[in-house]
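Per-entry structural report
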Amino acid sequence: MAENEELQEEMNETETKQKILVADDEASIRRILETRLKMVGYDVVVAEDGEEAVEVFNKTNPDLVVLDVMMPKMDGYGVTREIRRTSDVPIIILTALGDVSERITGLELGADDYVIKPFSPKELEARVKAVLRRTISKDVIIPTDSGATATAGSGKGAKNVITTGVIKIDTARRQVFRKNERIRLTGMEFSLLELLVNNSGQAYSRNEILQHVWSYPADHRIDTRVVDVHISRLRSKLETDPNNPELILTARGIGYMFQRIN
């Protein structure tokens, strides 16, 4: 109850409710999630198959999508592909307990996080809260090291722009550019990049990244390949040669680190 009250208080601080699309072919799951998410202050729309999910998404422009993988007419992978053609809205996929390939495929297609079925509504509420905080908030607070500096250009907002080689990272607008061309990142991709860039030269383990970026508690057991897939996605967008990265490096035996290029 205390957690629900805390979530409700946070939602009441905003003028408009954040909207969540729940897409699942199981009516019981839709009802439970719709009820619980509305209780903590979200506006909820639902869909019972993949085609309807795409239609509802286009009509309602939700702030986050909760998406089952196995749905009729169009599966969750197809829905994710359709959404990612035009939008970086955060996506949490619902996946079967033993099917690791489902989780990895969903993440590779652009999902931000996953929750394993069967799950508790409280667990999903926590994941929704964490992902929305990271992907929508403009005031993301993450650890910074004393050597991190923001440079690039002049004028208003220049202090929020970090330059490394031909890459410019605007932390205020949460945007990334190669020269003058914008590189589209999802919210979680940007938060991961921001963590590594602001701590350039410092190696982070996968568990540490999950704690900082995904807000998982230290004792939470999770497949750390969530981090590996997001690193791979970032490299494919930022690196000249993703197979031989120069910016996002693997720290052997530890995890990942960012290396600035002058």
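Residues numbered from 1 in each chain as written. Predicted model: local features only at pLDDT ≥ 70, side-chain atom pairs only at ≥ 80, totals over all residues. Heavy atoms only, no water.

A look at the overall build of the protein chain
What counts is decided by this rule: In this description a helix means any DSSP run of H or I spanning at least four residues, a strand means any run of E spanning at least two, and both kinds are numbered starting from the N terminus. The rule is simple: take the accessible area with a 1.4 Å probe, protein chains only, and divide by the maximum for that residue type; under 20% is buried, over 50% is exposed, in between is partly exposed. Any pair of residues with heavy atoms lying within 4.5 Å of one another is described as a contacting pair. Each accessible area value is a Shrake-Rupley result obtained with a 1.4 Å probe; residue values ignore everything except the protein chains displayed when judging cover.
Broken down by element type, the protein chain carries nine helices and 12 strands. Across the 262 residues of the protein chain, 48% fall into the buried class. In the protein chain, once contacts between residues fewer than 6 apart in sequence are set aside, the share between residues at least 24 apart is 59%. With the model as given, the accessible surface of the protein chain reaches about 13,100 Å², and the carbon-plus-sulfur share is 47%.

Structural notes on the pattern of salt bridges
Note the threshold: Think of a salt bridge as a Lys or Arg side-chain nitrogen and an Asp or Glu carboxyl oxygen that are within 4 Å of each other.
Under the counting rule described, the total for this entry stands at 17 salt bridges. Here Lys38 makes a salt bridge to Glu34, at a shortest N to O gap of 3.1 Å. Taken together, the residues Lys38 and Glu34, both in helix α2 (residues 27-39) and four residues apart, mark about one turn of the helix. Exposure remark for Lys38: the relative accessible area of 42% places this residue in the partly exposed category. Judged by relative accessible area, Glu34 falls into the partly exposed class, the value being 23%. The shortest N-O distance in the salt bridge between Arg174 and Glu194 comes to 3.8 Å. On the criterion of sequence distance, the pair formed by Arg174 in the loop between β7 (167-170) and β8 (175-178) and Glu194 in helix α7 (residues 187-198) is long-range, its members being 20 residues apart.

Here we look at the packing of helix α3 (residues 50-60) against helix α4 (residues 76-86)
To be explicit about the condition: Note on geometry: axes are lines fitted to C-alpha atoms, helical ones only across the stretch in contact, with angles between N-to-C directions running from 0 to 180 degrees. Should an angle lie under 35 degrees it is considered roughly parallel, over 145 roughly antiparallel, and from 65 to 115 roughly perpendicular; all remaining angles are considered oblique. Should the near helix be turned counterclockwise from the far one by less than a right angle, the crossing is left-handed, whereas a clockwise turn marks it as right-handed. In this count, Pro and Cys sit with the nonpolar residues alongside Ala, Val, Leu, Ile, Met, Phe, Trp and Tyr, while Asp, Glu, Lys and Arg are called charged and the others, Gly among them, polar.
Following both chains from N to C, one finds α3 and α4 inclined at 20 degrees, their axes separated by 9 Å at the closest point. By the angle between their axes, α3 is roughly parallel relative to α4. Regarding α3 and α4, the two cross each other, and that crossing is right-handed. In this structure, α3 contributes Gly50, Ala53, Val54 and Phe57 to the contact, and α4 contributes Val79, Glu82 and Ile83. When the residues that make up the contact of α3 with α4 are grouped by side-chain class, the tally is five nonpolar, one polar and one charged.

Observations concerning the pairing of strand β1 (residues 19-23)
The condition is simple: Pairing between strands requires that DSSP locate at least two bridges from one strand to the other. Place the viewer so that the strands point away; then a crossover is right-handed whenever the path from the first strand over the helix to the second strand goes clockwise.
Most of β1 is tucked away: four of the five residues are buried. Bridge count for β1 against strand β2 (residues 43-47) is five bridges, and the pairing is parallel. Of the residues in β2, the one forming a bridge with Val22 is Val46. What joins β1 to β2 is α2, and the crossover it makes is right-handed.

Structural notes on the sheet that holds β2
Here we have five strands laid out as an open sheet, ordered β2-β1-β3-β4-β5, and parallel in their pairing. Both outer strands of the open sheet, β2 and β5 (113-117), are each paired with one neighbouring strand and no more. On average, each strand axis in the sheet is tilted by 20 degrees relative to the strand beside it, whichever way the strands run. Packing against the sheet, α3 makes contact with β1, β2 and β3 (64-68), and its axis sits at approximately 145 degrees to β2.

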